[in-house]
Amino acid sequence: MMNELKRKSSRNYIYTLWTNMRRRCYNEESKSFGDYGQRGIVMCDAWKNNSTAFMDYILQELGPRPKDNYTLDRIDNNKGYEPDNLRWATWSQQMSNRRSYGKGYTWHSKYNKWQVQWVINGKSIYYGMFNSEYDAIARAKQTCPKGPANYRWSHLLEESTAC
């Protein structure tokens, strides 16, 4: 009886994962679409319209979620949701499995300022809040984990005004 409850609970969790994956990959209105569907991250054909096939694969190949702090992770972030590219991972494992460092700065709407922050080895390192995007870009370049010379968004300094 307990195994059956655990299996049903696991299937419900996996179904929720499936619906969230579909939303990120195919719903252009989703906040996450730009990081998934727009980048070409899709679900394999066998799973795209078949939640049962997806749930069966997960339970048979990966097994039920090991613990509550584990989530489904794509091993290669440049590939989609497909067999052999999924695993159960902790949050810290997922954070260190990011596709790139990104720009290093974002708009923080709560404070109406630009925030500079890098994620390195799964840890966020905060470098300050700035009133202008120009100052945020300059600080992001200065603190780039790959070194200022390798900051790929330097062209934004020329496009942005120093006012």
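For the structure, check the block above.
Just so we're clear, the structure is a prediction, and the values are computed from it rather than from any experiment.

J.: What should I look at first to understand the pattern of salt bridges in this one?
T.: Side chains bearing opposite charge may pair, as long as their charged atoms lie close to each other. One pass over the structure, following the stated rule, counts 2 salt bridges. Here Arg65 makes a salt bridge to Asp68, at a shortest N to O gap of 3.6 Å. A residue is classified by how much of its surface remains accessible, and Arg65, at 22% relative accessible area, is partly exposed. Across the salt bridge formed by Arg87 and Asp73, the nearest N and O atoms sit 2.8 Å from each other. With Arg87 in strand E2 (residues 86-90) and Asp73 in strand E1 (residues 70-74), the pair connects residues that are 14 residues apart, well separated along the chain. Take Arg87: its relative accessible area is 28%, and that puts it in the partly exposed class. The class for Asp73 is buried, based on a relative accessible area of 4%.

J.: Which parts of the structure should I look at to understand the pairing of strand E3 (residues 105-108)?
T.: Sheet topology note: the E3/strand E4 (residues 113-120) ladder contains 4 bridges and is antiparallel. Of the residues in E4, the one forming a bridge with His108 is Lys113. From the end of E3 to the start of E4, which pair antiparallel, there are 4 residues, and Asn112 there has a positive phi angle of about 55°.

J.: Help me understand the packing of aromatic side chains, please; the structure alone is not making it clear to me.
T.: Summed over all chains, the structure comprises 6 aromatic pairs. Ring geometry for Tyr36 versus Tyr81: centroids 6.5 Å apart, planes at 10°, classification stacked. Within this pair, whereas Tyr36 is found in the loop between helix H1 (2-26) and helix H2 (45-48), its partner Tyr81 is found in the loop between E1 and E2, the two being separated by 45 residues in sequence. Each member of the pair, Tyr36 as well as Tyr81, is classed as buried. With centroids separated by 5.0 Å and ring planes inclined at 45°, the aromatic side chains of Trp47 and Tyr57 adopt a geometry described as tilted. Here Trp47, found in helix H2, pairs with Tyr57, found in helix H3 (residues 51-62); they are 10 residues apart in sequence, far enough to count as distant. Per residue, the accessibility class of Trp47 equals that of Tyr57, and both read buried. Over the face of the ring belonging to Tyr26 we find Lys48, whose NZ or CZ atom lies 4.6 Å from the ring centre. Sitting over the face of the ring of Tyr81, Arg74 holds its NZ or CZ atom 5.3 Å from the ring centroid.

Criteria and cut-off values
Residues numbered from 1 in each chain as written. Predicted model: local features only at pLDDT ≥ 70, side-chain atom pairs only at ≥ 80, totals over all residues. Heavy atoms only, no water. Salt bridge = Lys/Arg side-chain N within 4 Å of Asp/Glu carboxyl O. Buried < 20%, exposed > 50% of the residue type's maximum accessible area, 1.4 Å probe, protein only. Helix = DSSP H or I, 4+ residues; strand = E, 2+ residues; numbered from the N terminus. Pairing = 2+ DSSP bridges. Phe/Tyr/Trp six-rings, centres within 6.5 Å; stacked < 30°, edge-to-face > 60°. Lys NZ or Arg CZ within 6 Å of the ring centre and 35° of its normal.

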